[in-house]
Amino acid sequence: MTPEELSELVASIIGEVKKSGEIALEGDIPPVKIERPRNREHGDWACNAAMQLAKRAGMKPRELAEIIATRLQTKPSVAKVEVAGPGFINITLAAGAAGELAQTILESGRAYGTNSSGAGTTVNLEYVSANPTGPIHIGGARWAAVGDTLARVLVANGSTVVREYYFNDHGNQINNFSASLLAAAHGREIPEDGYGGTYISDIAHTVISQCEQAGEPDPRTLPDDEAQEVFRARGVELMFAEIKESLHNFRADFDVFFHEESLHASGAVSVAVEKLRERGEVFDKDGAVWLRTTDYGDDKDRVVVKSDGETAYFAGDLAYYLDKRARGADQCVYMLGADHHGYIGRMYAMARAFGDTAGVGENMEIMIGQLVNLMKGGQPVRMSKRAGTVVTLEDFVDAVGVDAARYSLVRACVDTSLDLDLDLLASHTNENPVYYVQYAHARTVNVARNANEHGVKREDAFTPELLEQADSDLLGQLARFPEVVRLAGAGREPHRVARYLEELAGAYHTWYGKARVTPRADEEVTDLHRTRLWVNDATRQVLANGLEMLGVSAPEKM
């Protein structure tokens, strides 16, 4: 029996006693929350429904709990029910009902852990969105891992997800980038606001080679203003291609690559400003156009069109948000770096000015990620051989591999800074969390292989009543997976999945030491061996499902 099934059972009992008149409960019955008790002596599951509903029923929580418990005790899937404290209901499942979870997991396969809580909701998830002026740095790598994992989690919760990358290809950063390419091509000093690193020289020489192959003039022979335009057009395209390839190799693919420049070229920025004017949300002052964001909680009003007629950067945000909503996004989730914390107030105010809502699960939601620090040999790693001033995604992957890179970037809450030890992440020890989880999966495969060689086959028998406490403990962990996935999606906390997998791996390794799937040399194959193979294989399925959600491989050998 899964927690969801137990939740439905308790809800049905409450409905029965309500219908019978035994309790006078007003209103609808809310979803019943089932949790794993911290102290396993208190049972397999705990429920606080009586404490939630007692006031509406006009009775004490413990009285209502006793009524629910009495009926629950009669169900064949339940071995024992106890009322504790002010009204907690502690439930111990019958061995068979607990063991049947293994069969449920294997029948569900890759679908186990999924739910429909987000059904009917389209989420536009924007992450990474690095300027196309250089390789993705380690901070962007964190968003690539977290964003892609969150997208997978939201899909598992039934949402439709649009993975989006916003290219900031309008403004001074592109001018500085093309000026840097021009300087590198001529062997000149990089401009003060330019970009350094060998990648600039590499791109500059690739542009020259492309021009030669296309039969076009060498840009170094052109006047600087004409040459810079050549480097702008070809250089940005080359940088785009490299960024996309890096992300693809990191298993982070996108549905939409949106170009900021298109908002200005299409007139979408002007349309957004005029829409706000029609709503009475903008005003003119000192020759500029302002958005009255202080009406919606911002610390000051924001300029959208400057006094010289040029649009402010914030004006592009207005048009971009409207474009996302027009494309069908119910929720627009922005993943931004630590240096964007000051954007939250103005962005939320902008959404509200359009008549939308802002916050977790609302029309606009902003997540801020903190910094990542890499260590090697006890010393910080701060420089890239290629980028010059930052550590890149490629540097990180080269050092530890895609699996360890993704896993380590996802397993901590995004609002905390990360200190990652490259030596640890490259090691094959239990102290390395990704190795620990992957090894558990490989061990389940090996156990199944050995079982087959000893004539233990899953299809021969399934007798969950024979299972013992060690099996029950592991099954309890397996039962938690759907709730972990739901909470990870609702709270935008994909790290919950990684942490859960580590707990599951620990439970499996403990179970492996206590419960035998294959008989000893002097033993016959029994139904217990066969049934434990179901538990083993169910664990493999859940580990594989969780690792896939993280974008991490589930190896069969280590």
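In this text the structure is predicted, and so the values were computed from the model without any measurement. The residue numbering used here restarts from 1 in each chain and proceeds along that chain's sequence as written. A pLDDT threshold of at least 70 governs which residues receive local features in this predicted model, and a stricter bar of 80 or more applies before side-chain atom pairs are shown or counted, although totals over entire chains, interfaces and linings include all residues. For side-chain calculations, the full set of non-hydrogen atoms in the structure is used, while hydrogens and water are omitted.

**Concerning the packing of helix H5 (residues 138-156) against helix H14 (residues 402-410)**
Item 1. Axes, fitted as lines to C-alpha atoms, cover a helix only where it is in contact. Angles between the N-to-C directions of the axes lie from 0 to 180 degrees. Comment: elements are numbered from the N terminus, with helices defined as DSSP H or I runs of at least four residues and strands as E runs of at least two. Orientation of H5 relative to H14, taken along the N-to-C sense of each, is 80 degrees, at an axis distance of 8 Å. If you check the angle between H5 and H14, you find them roughly perpendicular. Contacts between H5 and H14 pair Ala141, Arg142, Ala145, Val146, Asp148, Thr149 and Arg152 from the former with Arg406, Leu409 and Val410 from the latter.
Item 2. Ten residues, namely Ala, Val, Leu, Ile, Met, Phe, Trp, Tyr, Cys and Pro, are considered nonpolar, four, namely Asp, Glu, Lys and Arg, are considered charged, and the remaining ones, Gly among them, are considered polar. Of the residues assigned to the contact of H5 with H14, the class counts are 5 nonpolar, 1 polar and 4 charged. Angle categories are assigned with fixed cut-offs, so that under 35 degrees is roughly parallel, over 145 is roughly antiparallel, 65 to 115 is roughly perpendicular, and the rest are oblique. Residue contacts are counted whenever heavy atoms from the two residues lie within 4.5 Å of one another.

**A word on the nonpolar core**
Item 1. Counting residues in hydrophobic clusters, the biggest one holds 141 residues, and the most contacted among them are Leu72, Val128, Phe396 and Leu409.
Item 2. The contact partners of valine 128, leaving out residues within four places of it in the chain, are Ile136, Gly140, Trp143, Ala144, Tyr165, Leu247 and Phe254.
Item 3. Grouped together as the second largest cluster of nonpolar side chains are 33 residues, Tyr166, Cys332, Met350 and Ile366 included. Residues belong to a common nonpolar core when they are buried Ala, Val, Leu, Ile, Met, Phe, Trp, Tyr or Cys residues joined through side-chain atoms within 4.5 Å. Three labels apply to residues, based on accessible area from a 1.4 Å probe with only protein chains included: buried if under 20% of the type maximum, exposed if over 50%, partly exposed otherwise in between.

**Quick notes on the UniProt feature "domain: Arginyl tRNA synthetase N-terminal" (unreviewed entry) in the protein chain**
Item 1. UniProt positions are given in the numbering used here, feature names are shortened, and annotations may be inferred rather than shown by experiment. If you check UniProt for "domain: Arginyl tRNA synthetase N-terminal" (unreviewed entry), the listed places come out as residues 4-93 in our numbering.
Item 2. Taken end to end, residues 4-93 has its terminal C-alpha atoms 14 Å apart, with 42% of it in helix and 20% in strand.

**A few points about the sheet that holds strand E3 (residues 78-84)**
Item 1. Strands were regarded as paired on the criterion that DSSP finds at least two bridges between them. The strand order E1-E2-E4-E3 describes an open sheet built from 4 strands, whose pairing is antiparallel. Two strands close off the open sheet at either side, each with one partner strand: strand E1 (34-35) and E3.
Item 2. Here 2 bridges tie E1 to strand E2 (residues 45-47), and the two strands are oriented antiparallel to one another. By the bridge assignment for E2, isoleucine 34 is matched with cysteine 47.
Item 3. Strands in contact with helix H3 (residues 61-72) are E3 and strand E4 (88-93); relative to E3, the strand with the most contacts, it is inclined by about 175 degrees.

**Some words on the packing of aromatic side chains**
The way to describe two aromatic rings as a pair is by their centre distance and the angle between their planes.
Item 1. Note on ring pairs: Phe, Tyr and Trp rings are taken, using the six-membered ring of Trp, and paired if centres are within 6.5 Å. Classes follow the plane angle, with under 30 degrees stacked, over 60 edge-to-face and the rest tilted. Following the criterion strictly, the structure yields 18 aromatic pairs and no others.
Item 2. Taking the centre distance of 4.8 Å and the plane angle of 40 degrees together, the rings of phenylalanine 258 and tyrosine 320 count as tilted. Of this pair, phenylalanine 258 sits in strand E7 (residues 256-259) while tyrosine 320 sits in helix H11 (residues 313-326), placing them 62 residues apart in sequence.
Item 3. The class of phenylalanine 258 is buried, set by a relative accessible area of 10%.
Item 4. With relative accessibility at 1%, the residue tyrosine 320 sits in the buried group.
Item 5. Between the aromatic rings of tyrosine 508 and tryptophan 511, the centroid separation amounts to 5.5 Å while the plane-to-plane angle is 35 degrees, which identifies the pairing as tilted. With a gap of 3 residues between them, tyrosine 508 and tryptophan 511 both fall in helix H18 (residues 495-514), about one helical turn apart.
Item 6. When its relative accessible area of 0% is taken as the criterion, tyrosine 508 is described as buried.
Item 7. Grouped by ring-pair contacts, the aromatic residues Tyr127, Tyr165, Phe167, Phe240, Phe254 and Phe257 constitute a single cluster.
Item 8. Note that arginine 346 overlies the ring of tyrosine 343, its terminal NZ or CZ placed 4.7 Å from the centroid. Cation placement over rings: the criterion is NZ of Lys or CZ of Arg within 6 Å of the ring centroid and within 35° of the ring normal.

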